[in-house]
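# Structural description and commentary
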Amino acid sequence: SSLGYGFLWNNPAPGRCEATKNHTLWCADSTYQVDYLVFVGNTPADVAKTYCDLTGYAPAMPEWAAGFWQCKLRYEDQEELLSVAREYVRRGIPVSAIVIDYFHWTEQGEWKFDPKYWPDPEGMCRELKELGIQPIVSIWPTINPNSENFRHMNDAGMLVRTETGQYGTFSFYGQQTFFDSTNPETQKYVWDIVKRNYYDKGIHNFWLDEAEPEVHPQQFWHLHFYKGNGAQTAMLYPYYYSKMFYEGLKNAGEDKIILLTRAAYPGSQRFGSAVWNGDIPSTWQALRQSVVSGLSMAVCGIPWWNSDIGGFLFADTQSDDFRELIVRWFQFGLFSPIMRLHGSRQRIPGTPVRNPGIIEPTGGPNEIWRFGDRAYPIIEKLIHLRNKLRPYILALTEEASQKGLPLMRPMFYQYPDDEKCYQLSDQYMFGGSILFAPIMERGQTSRDVYLPGGRWVLTQDGSVYEGGQTVSVHAELEDFIAFVPEGDDVLDVFRA
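This report concerns the structure included in the present document.

Analysis parameters
Residues numbered from 1 in each chain as written. Predicted model: local features only at pLDDT ≥ 70, side-chain atom pairs only at ≥ 80, totals over all residues. Heavy atoms only, no water. Buried < 20%, exposed > 50% of the residue type's maximum accessible area, 1.4 Å probe, protein only. Helix = DSSP H or I, 4+ residues; strand = E, 2+ residues; numbered from the N terminus. Contact = heavy atoms within 4.5 Å. Core = buried A, V, L, I, M, F, W, Y, C linked by side-chain atoms within 4.5 Å. Polar contact = N/O pair within 3.5 Å; in protein donor to acceptor, adjacent residues only side chain to side chain. Pairing = 2+ DSSP bridges. Expected span 1.5 Å × (residues − 1). Arc of directions from axis to C-beta. Phe/Tyr/Trp six-rings, centres within 6.5 Å; stacked < 30°, edge-to-face > 60°. Axes fitted to C-alpha atoms, helices over the stretch in contact; angles between N-to-C directions. Parallel < 35°, antiparallel > 145°, perpendicular 65-115°, else oblique. Nonpolar A, V, L, I, M, F, W, Y, C, P; charged D, E, K, R; others polar. Lys, Arg positive; Asp, Glu negative; His and termini not counted. Salt bridge = Lys/Arg side-chain N within 4 Å of Asp/Glu carboxyl O.

Next up on the list: helix H3 (residues 121-130). Taken as a whole, H3 has its buried residues at Pro121, Gly123, Met124, Cys125 and Leu128. Each element contacted by the buried residues of H3 is listed here: helix H2 (78-90), strand E6 (97-100) and strand E7 (134-139). Downstream of H3 by a residue or two, Gly132 has a phi angle that is positive, lying close to 85°.

Written out as structure tokens, the structure is:
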């Protein structure tokens, strides 16, 4: 709060929060007890540190994770994935990670590669790492009676079920239920499978999807978890989901861990959760909403956050609108804690079917050379710039680990005495040195930017502006709008 306090609502019941101009309301629909804390601080940074003292600090981020992540829905087989990785390397474009998305498995609830499409995981991982690229694999917590693990997990009480004992919480290629991440026995059993089928074959990084968990209809009161009835406990699911993988990786000898996850709970940051804002549409409105949601996550104590660059749903990669949108989104991704391209793109008419009959075939192409001749060199330059910014970004992750400071910071985080900064939601500080003002409208080539006191250098041309005022800045599609305080060393990255 701008009044100098923090408020932690520590109730894992489904509910709602209303933060309006004339009242604030927090509601748990059903709870064993109401648990909340109010604490004070002289600055937002002081409040953030107390919050992390209470809930935990993010660990050290792996060095590779500060680079560019390549992802799409989805690479259907091992050779397709490797061909994309090889092409990035051939073009001299630095890629830190490539993601193997869902339905690479034999069945939901088996957590292993389908050998028909992924015949040599060890060899694949070995080649990727030789290319300097980390493989990441998607995990779903869904399971159905066709899984080889279902009978044992069912008999041992490791699955989420309804209060009447039945299953079927999510219909997706059959009636799925979820493993119960809140059950310690489930945590050990699933991790042992994951270690044997993925970790021991070279996959040391994971994307924890469906982490809410996603149930339809959302009648959490009708679900039973190890921790209790879902009406009181359901929102703990993503916390224990991340915890089981973090502790498994720690026990396997990993010292720097990052987990891409679609949901979180207070304290998830201590397990290396890098939250993203879900399956959003490929629209300008979603880009604007992503800026706000990233800043909102920052003030909720989750310093590692990202969005699908370009949005996830409905994109036509051949359209001029999307090609402009994805450049502006890449500019936002440059100044996000994680820079990750992802999306379910529309298939291009006439494209051959790669694997006829496969469950969940791929969408359209989603590599940076697929978005047109104008967009490609702009995006390529942004990825190279991200690579140069990695030391700065990793220094910010150290601040998050030690002080609880997020990487994306609302303006008031850095300038708490400037009342104007509490009114800004469309520009932000990326760490303490970079002020970024994203362009979020189609056809827009200029916008207003508020500069706090001091002297500021516009990174695109080196011009100097006096602070304490709002200025109008021009930026064609090839340019982004970022300022750095005069004399700050990070300017050297933009001049190189």
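Moving on from the model shown.
Below, the discussion takes up the nonpolar core. Core analysis: the largest hydrophobic core is formed by 135 residues, its most contacted members being Phe206, Phe330, Phe335, Ile368 and Leu389. Take this core: its biggest share by element is 13 residues, from helix H10 (residues 375-403). Discounting chain neighbours no more than four positions away, the residues touching Phe206 are Ile136, Val137, Ile139, Trp191, Val194, Tyr198, Phe245, Leu249, Ile258, Leu259 and Leu260. By size, the runner-up hydrophobic cluster in this structure holds 17 residues, among which are Cys421, Ile439, Trp456 and Val471.

So, on to the environment of Tyr167. Looking at the element boundaries, Tyr167 is found in the loop between strand E9 (161-162) and strand E10 (170-171). Given the relative accessible area of 27%, Tyr167 is considered partly exposed. The spatial distance from the C-alpha of Tyr167 to the C-alpha of Asn144 is 8.8 Å, given a sequence separation of 23 residues. Setting aside anything within four residues of it in sequence, one finds Tyr167 in contact with Phe150, Asn154, Leu159, Val160, Arg161 and Thr177. Of note is the side chain of Tyr167, whose polar atom sits 2.2 Å from the side chain of Asn154. Separated by 2.8 Å, the side chains of Tyr167 and Arg161 make a polar contact.

The strand order across the open sheet built from 3 strands is E9-E13-E14, with neighbouring strands paired in antiparallel fashion. With one partner strand each, in any of the chains shown, E9 and strand E14 (228-229) form the two edges of the open sheet. Here strand E13 (residues 223-225) pairs with E14 via 2 bridges, running antiparallel. Within E14, the residue paired with His224 across the bridge is Asn229.

Turning our eyes to something else, we now look at helix H1 (residues 44-55). Since one α-helical turn is 3.6 residues long, residues separated by three or four positions face the same way. With 12 residues, H1 should cover 16 Å at 1.5 Å per step; its first-to-last C-alpha distance of 16 Å lies within 8% of that length. Within the span of H1, buried status applies to Pro44, Val47, Ala48, Tyr51, Cys52 and Thr55. Seen from one end, H1 has its buried residues packed into an arc of 135°, which puts them on one side. On its buried side, H1 packs onto strand E1 (5-9), strand E4 (36-40) and helix H11 (411-414). At the exit of H1 stands Gly56, carrying a positive phi of roughly 120°.

Another aspect to go through is the side chain of Asn144. Here Asn144 is to be found in the loop between strand E8 (142-143) and helix H4 (150-155). There is a polar contact of 2.7 Å between the side chain of Asn144 and the backbone nitrogen of Asn146.

Attention now moves to the packing of aromatic side chains. This structure, assessed with the given rule, holds 52 aromatic pairs. Aromatic pair Trp140 and Phe170: ring centres 6.4 Å apart, planes at 40°, arrangement tilted. Of this pair, Trp140 sits in the loop between E7 and E8 while Phe170 sits in strand E10, and the two are 30 residues apart along the sequence. Taken together, a centroid distance of 5.3 Å and an interplanar angle of 85° make the contact between Tyr465 and Phe483 edge-to-face. Of this pair, Tyr465 sits in strand E26 (residues 464-466) while Phe483 sits in strand E28 (residues 482-485); the two residues are 18 residues apart in sequence, bridging distant segments of the chain. For Tyr465, a relative accessible area of 21% corresponds to the partly exposed category.

Where H2 meets H3, the closest approach of the two axes is 11 Å, and the angle between their N-to-C directions is 5°. By the angle between their directions, the pair H2 and H3 is classed as roughly parallel. When H2 is examined against H3, the residues Gln78, Leu81, Leu82, Ala85 and Arg86 are found in contact with a partner set consisting of Pro121, Met124, Glu127 and Leu128.

On to the packing of helix H9 (residues 320-334) against H10, then. Here H9 crosses H10 at 5°, and the two axes come no closer than 10 Å. Considered as vectors, H9 and H10 are oriented roughly parallel to each other. On the side of H9, the interface is formed by Arg323, Ile326, Val327, Phe330, Gln331, Gly333 and Leu334, while H10 contributes Ala375, Ile378, Ile379, Leu382, Ile383, Leu385, Arg386 and Leu389. Along the lines of polarity and charge, the residues of the contact of H9 with H10 split into 11 nonpolar, 2 polar and 2 charged.

Along the chain, Glu76 turns up in the loop between strand E5 (68-70) and H2. Despite being buried, Glu76 has no salt bridge partner; Arg347 is the closest side chain of opposite charge, sitting 5.1 Å away. Polar contacts involving the side chain of Glu76 include one to the side chain of Asn355, which spans 2.8 Å. Not counting the four nearest positions on each side in its chain, Glu76 is found in contact with Tyr117, Trp118, Arg354, Asn355, Ile358, Pro361 and Thr362.

The next point concerns unusual backbone geometry. Here the residue pair Leu73 and Arg74 is connected by a cis peptide bond, since its omega of -15° sits within 30 degrees of zero. Note on placement: Arg74 falls in the loop between E5 and H2. The residue after His216, namely Pro217, is reached through a cis peptide bond having omega -5°. With respect to the helices, strands and loops of the structure, Pro217 is situated in the loop between strand E12 (206-208) and E13. Backbone geometry at Glu210 places phi at a positive 55°, although glycine is not the residue there. By the element assignment, Glu210 lies in the loop between E12 and E13. With phi around 55°, Glu360 is a residue other than glycine that occupies positive phi space.

Quick look at the sheet that holds E5 now. Strand pairing in a sheet relies on backbone hydrogen bonds, with the paired strands running either antiparallel or parallel. The strand order across the open sheet built from 8 strands is E17-E16-E15-E12-E7-E6-E5-E19, with neighbouring strands paired in parallel fashion. The open sheet terminates on both sides in strands that have one partner only, identified here as strand E17 (305-306) and strand E19 (339-340). When E6 meets E7, the two strands line up parallel, connected through 4 bridges. Along E7, the bridge assignment pairs Val99 with Ile136. Together, E6 and E7 form the strand contacts of H3, whose direction differs from that of E7 by roughly 135°.

Function-wise, these values are silent; they only describe arrangement.
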